[in-house]
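# Fold and geometry: a report
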Amino acid sequence: MTTPKNDKNTRTTGRPTLNEVARLAGVSPITASRALRGVSTVATELVEKVQKAASELNYVVNPAARALASAQSHSVVVLVPSLSNLLFIDTLEAIHRVLTPKGFEVLIGNFHYSRDEEENLLRNYMAYQPRGLLLTGFDRTESSRRMIEASNIPCVYMMELDSAAGVNCVGFSQLSAGETAAEHLLSRGRKRLAYIGAQLDQRTLLRGEGFRKALQKAERYDPDLEVLTPRSSSVGLGGELFLQLLAAHPDVDAIFFGNDDLAQGALLEALRHGIKIPEQVAILGFNDLPMSEHMVPRLSSINTPREAIGRRAAEQMLTLMAGNSVARPVEDMGFELKIREST
């Protein structure tokens with residue numbers, strides 16, 4: 001009995017192939033591939049035909065096989081430290097809006113503020129031969145740095161700035177944001193200013209450093225009023241640390257929180273315990289999360305351009321993946337102090 005030759009357009013696994021989808025839809029395999037990737041230049045009626053054929057055949061795209069076949073994938077890896085923080089959700093949504101219409105798949109990795117987890121994610125995602133890397137900040141293991149450098153994959157860093165040669169980044173000065181926080185509270189006549197930070201990622205520490213420098217310049221810095229914990233940032237933790245700080249230092253009259261959820265927790269505890277805000281204590285948050293302007297009192301915060309950062313970082317990535325250099329490799333998107341009732 002003669003074994004039939006294996007058609008190059010079929011798989012021995014029995015799973016439907018892209019070529020079968022293309023034949024059923026009456027289009028070329030290239031058109032079918034572009035339609036399934038969401039490339040905007042494919043006509044709507046062709047996209048509908050291809051999607052219908054794929055549905056009928058139960059076809060599922062194999063990104064690893066696609067990468068091997070073309071020696072290049074259509075994936076862009078995005079690594080963020082949290083998916084529970086709205087800051088990064090807004091950034092990811094903006095990245096999707098830029099890259100998906102261009103036919104790129106966005107592979108998201110959450111490394112939970114762990115440098116080792118980020119290294120493992122990088123190593124695993126490299127198997128997909130991604131076209132680009134969008135990474136959060138510059139604090140990572142030496143192994144991760146070497147892996148990124150050796151890969152020659154275009155990389156754009158988000159949320160922080162670095163003017164080193166060859167680095168493409170989109171963000172703002174965390175240091176300057178901390179300085180602005182201190183200057184605002186000092187301008188309100190506050191004399192005993194504290195900083196409460198959690199998670200202790202590099203950006204939280206930089207904000208604290210900026211706050212500290214401004215207080216030292218004004219001769220108002222007290223190291224006992226700097227509360228830092230590696231615990232995860234949350235509303236509950238913010239309320240807890242707020243009460244602990246006031247119990248130990250009842251003369252504190254202003255607090256800058258490293259994230260809005262911490263500050264929101266402080267406002268809730270102040271309301272519960274009859275602590276008048278801002279009469280007794282001024283409270284300033286960071287990131288200006290959606291609920292902040294609806295708190296009682298309304299929370300003053302430093303608004304960060306997270307959506308704009310995601311959009312511009314993705315645009316930089318498109319430029320790099322096209323083989324071109326970015327006109328402004330370091331893009332400072334700035335930040336805005338939102339003064340409300342709590343200060």
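Up top is the structure.
For the structure given in this document, a descriptive report is provided here. (Residues numbered from 1 in each chain as written. Predicted model: local features only at pLDDT ≥ 70, side-chain atom pairs only at ≥ 80, totals over all residues. Heavy atoms only, no water.)

## Considering the environment of Asn85
- Note that Asn85 resides in the loop between strand S1 (75-80) and helix H5 (86-99).
- For Asn85 and Asn259, which are 174 residues apart along the polypeptide, the C-alpha to C-alpha distance reads 9.9 Å.
- When near neighbours in sequence (up to four residues on either side) are disregarded, Asn85 contacts Tyr113, Asn259 and Leu289. (Helix = DSSP H or I, 4+ residues; strand = E, 2+ residues; numbered from the N terminus. Contact = heavy atoms within 4.5 Å.)

## Examining the sheet that holds strand S7 (residues 226-229)
- Taking strand neighbours across the sheet as the criterion, the six strands line up as S7-S6-S8-S9-S10-S12 in an open arrangement whose pairing is mixed. The open sheet is flanked by S7 and strand S12 (336-338), the only strands paired with a single partner. The average angle at which neighbouring strand axes cross in this sheet is 15 degrees, direction not considered.
- Alignment of strand S6 (residues 193-198) against strand S8 (residues 254-257), held across four bridges, turns out to be parallel. Counterpart to Leu193 in the pairing with S8 is Ala254.
- Against the sheet, helix H8 (residues 174-187) makes contact with S6, S8, strand S9 (282-287), strand S10 (300-303) and S12, and its axis sits at roughly 160 degrees relative to S9, the strand it touches most.
- Across the face of the sheet, helix H11 (residues 260-273) comes into contact with S6, S8, S9 and S10 while running at roughly 150 degrees to S9. (Pairing = 2+ DSSP bridges. Axes fitted to C-alpha atoms, helices over the stretch in contact; angles between N-to-C directions.)

## Overview of the pattern of salt bridges
- Applying the stated rule across the entire model yields 21 salt bridges.
- Between Arg203 and Glu160 there is a salt bridge, with the nearest N and O atoms lying 3.0 Å from each other. Note that Arg203 is positioned in helix H9 (residues 202-217) and Glu160 in the loop between strand S4 (155-159) and strand S5 (169-171), a separation of 43 residues in sequence. The pair formed by Arg203 and Glu160 is uniform in burial state, with each residue classed as buried.
- The network of salt bridges with shared partners includes Arg312, Glu315, Arg328 and Glu331. (Salt bridge = Lys/Arg side-chain N within 4 Å of Asp/Glu carboxyl O. Buried < 20%, exposed > 50% of the residue type's maximum accessible area, 1.4 Å probe, protein only.)

## Notes on unusual backbone geometry
- Backbone torsion omega between Ile277 and Pro278 reads 10 degrees, so that peptide bond is classified as cis.
- Looking at where Pro278 falls in the secondary structure, it is placed in the loop between H11 and S9.
- In this structure, the amide linkage connecting Val296 to the following residue, Pro297, adopts the cis form with an omega of -10 degrees.
- When you line up the elements, Pro297 lands in the loop between S9 and S10.
- The residue Asn287 is not glycine, and still its phi comes out positive at about 100 degrees.
- Following the sequence through the fold, Asn287 ends up in strand S9.

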